[in-house]
There are 2 protein chains.
Amino acid sequence: MKREYPDRPVIAVGGVVIHRRRVLLVRRSREPLKGRWSIPGGALEVGERLAEGVRREVKEETGLEVEPVQVVAVLDRVLYARRGAAHAKDSNRQQPRRRHGRRVRYHYVIIDYACRLKSGLLRPASDVLDARWVAPPELTRYRLTQAARSAIGEAFRLLSK
Amino acid sequence: MKREYPDRPVIAVGGVVIHRRRVLLVRRSREPLKGRWSIPGGALEVGERLAEGVRREVKEETGLEVEPVQVVAVLDRVLYARRGAAHAKDSNRQQPRRRHGRRVRYHYVIIDYACRLKSGLLRPASDVLDARWVAPPELTRYRLTQAARSAIGEAFRLLSK
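Residues numbered from 1 in each chain as written. Chains lettered and ligands numbered in written order. Predicted model: local features only at pLDDT ≥ 70, side-chain atom pairs only at ≥ 80, totals over all residues. Heavy atoms only, no water.

### Side note on the overall build of chain A
Threshold: Helix and strand assignments come from DSSP, with helices taken as H or I runs of at least 4 residues and strands as E runs of at least 2, each series counted from the N terminus. Here the term buried applies to any residue with accessible area under 20% of the maximum for its type, exposed to any over 50%, and partly exposed to those in between, with areas from a 1.4 Å probe on protein chains only. Contacts between residues were defined by any pair of non-hydrogen atoms, one from each residue, lying within 4.5 Å. Residue exposure ignores everything except the shown protein chains as possible cover, and the areas themselves are Shrake-Rupley values with a 1.4 Å probe.
Helix and strand content of chain A: two helices and eight strands. Secondary structure of chain A in N-to-C order comes out as β-β-β-β-α-β-β-β-β-α. Each of the three principal axes of chain A carries a C-alpha extent, and together these read 50 × 35 × 25 Å. Out of the 161 residues in chain A, the part that is buried amounts to 50%. When contacts within chain A are restricted to residue pairs at least 6 apart in sequence, long-range pairs at least 24 apart make up 77% of them. Just so you have it, chain A exposes about 8400 Å², and 44% of that area is on carbon and sulfur atoms.

Here you go:
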């Protein structure tokens, strides 16, 4: 699937996994957010239900089995190519889509679910450099996006009830 | 954009527009849900923010200007090809994506926003056969999907506060 210069927006799902008052974070090995800490997740596949995609992505990236409970965030992220930047040529590729005259390099619509842990052993895997459980007071060290912090806060509120 | 036999899920946005205790419905002229009454909306474009897509689709289909307020529903709809059914050939097309051994004909992830009316004159337009304001007691006549009824209920609760 083409993630860069997409022909249409890409749907990604994320799992905000809360367990023993900590949240599961991963450090991404790919763009966008390469090298940054974030919520585990990735692109939804054709025919895959939203909750199924969350379970698969969290399992692939961290080895853990989780159960999605409820949507805690819906957001979009549009990143443009730098002005004048070349982009990789591809014989099959049409012209990149433009918006307001600029080439759209990434466009994700992200749906995050609060999740409960079911089973498994934490083991960073595909697409991630590291994965760990983080308690709320330590979150400030992880340079999360505002959207990720907000989704985490919502998941703690929901699952602490 | 290819909506049938897609290479990845298609993101659609919908606007549940509430005004004077009625909700705006459209009758679709295209698959899926051809001929059925539904919430106005359609596929999000590359580079287009979610709220921007809602405003554009409601305007295109009904002539009305609206302001999205909050997400009221996130759902997915996966429709498979009938077993043994042929599908249109297309020289550029790869094999259709399969899931559980079946070809995925449509896959939408739908994000519905409760909206307030801003201005405009109701005028059914592109992709719709009809559009009208409907009061809750009359909704049962419109054979809405369970998901649409649920999103409408949520929007009434939210915007009646």
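Further notes follow.
### Details of helix 1 (residues 50-62) of chain A
The condition that has to hold: Expected helix span is computed as 1.5 Å times (number of residues minus one).
The end-to-end C-alpha distance of helix 1 of chain A, which contains 13 residues, comes to 18 Å, matching closely the 18 Å that a straight helix rising 1.5 Å per residue would cover. Restricting attention to buried positions, one finds in helix 1 of chain A the residues A:Leu50, A:Gly53, A:Val54, A:Arg56, A:Glu57, A:Val58, A:Glu61 and A:Thr62.

### What to know about the interface of chain A and chain B
Stated precisely, the cut-off is as follows: Take the accessible area each of two parts loses on contact, using a 1.4 Å probe, and add the two losses: that sum is the buried area. Whenever Lys or Arg places a side-chain nitrogen within 4 Å of a carboxyl oxygen from Asp or Glu, that contact is recorded as a salt bridge. Two N or O atoms count as a polar contact when they lie within 3.5 Å, although within protein this holds only if one can serve as hydrogen donor and the other as acceptor, and sequence-adjacent residues are included solely when both atoms are side-chain atoms.
Listed as interface residues are 30 residues of chain A and, on the opposing side, 30 residues of chain B. Between chain A and chain B lies a buried interface of about 2800 Å² when both sides are counted; carbon and sulfur atoms form 59% of it. Among the residues chain A hides against chain B, the three largest losses belong to A:Arg8, A:Val46 and A:Arg99. Together they make up 28% of the total. There are two salt bridges connecting chain A and chain B. Between B:Arg49 and A:Asp76 there is a salt bridge; the shortest N-O distance is 2.9 Å. Taken together, chain A and chain B are joined by six residue pairs in polar contact (both at pLDDT 80 or more). Contributing elements (two or more residues each) for the side of chain A that touches chain B: strand 1 (10-19), helix 1, strand 5 (64-80) and strand 7 (102-120) of chain A.

### Examining the relation of the copies chain A and chain B
For clarity, the cut-off: Only residues with pLDDT of at least 70 in both copies contribute their C-alpha atoms to the least-squares superposition of the copies.
When chain A is fitted onto chain B, the two copies agree to an RMSD of 0.0 Å after a turn of 180 degrees and an axial shift of 0.0 Å. Overall, the copies show the geometry of a two-fold rotation axis. Closest approach to the rotation axis among the C-alpha atoms of chain A is made by A:Ile11, whose C-alpha sits 3.5 Å away. Here 100% of the contact residues of chain A are again contact residues in chain B; the copies associate through an equivalent surface.

### What about the environment of A:Asp76?
With respect to the secondary-structure elements, A:Asp76 resides in strand 5. Linking A:Asp76 and A:Ile111, residues 35 residues apart in sequence, is a C-alpha distance of 8.8 Å. Among all residues touching A:Asp76, those that are not within four sequence positions of it are A:Tyr108, A:Val109, B:Arg49 and B:Leu50. A distance of 2.9 Å separates polar atoms of two side chains, one belonging to A:Asp76 and the other to B:Arg49. Polar side-chain contacts of A:Asp76 include one of 2.7 Å to the backbone nitrogen of B:Leu50.

### What to know about the nonpolar core
Basically, it comes down to this: Working definition of a nonpolar core: buried Ala, Val, Leu, Ile, Met, Phe, Trp, Tyr and Cys residues. They are joined through side-chain atoms within 4.5 Å.
Counting 30 residues, the largest nonpolar core has A:Val17, A:Leu50, B:Val17 and B:Leu50 as its most contacted members. The set of elements that each furnish at least two residues to this core consists of strand 1, helix 1, strand 5 and strand 7 of chain A together with strand 1 (10-19), helix 1 (50-62), strand 5 (64-80) and strand 7 (102-120) of chain B. Ignoring anything within four residues of it in the chain, the contact list for A:Leu50 reads A:Val13, A:Leu44, A:Ile111, A:Tyr113, B:Val74, B:Leu75, B:Asp76 and B:Val109.

### Some details on unusual backbone geometry
All names here are of chain B. Even without glycine at this site, arginine 21 takes up a positive phi of about 60 degrees. Along the chain, arginine 21 turns up in the loop between strand 1 and strand 2 (22-28). Classification of arginine 21 as exposed rests on a relative accessible area of 68%. For arginine 143, which is not glycine, the phi torsion reads 45 degrees and is therefore positive. You can call arginine 143 exposed: its relative accessible area is 56%.

### Some words on the pattern of salt bridges
Going through the model one piece at a time under the given rule, you end up with 22 salt bridges over all chains. Where A:Arg56 meets A:Glu60, a salt bridge forms, and the shortest distance between an N and an O atom there is 3.4 Å. One end of the pair is A:Arg56 and the other is A:Glu60, both in helix 1 and four residues apart, which spans about a single turn. The class for A:Arg56 is buried, based on a relative accessible area of 17%. Classification of A:Glu60 as partly exposed rests on a relative accessible area of 34%. With a closest N to O distance of 3.0 Å, B:Glu57 and B:Arg56 form a salt bridge. Via salt bridges that share partners, A:Glu45, A:Glu48, A:Arg56, A:Glu57 and A:Glu60 belong to a single interconnected network.

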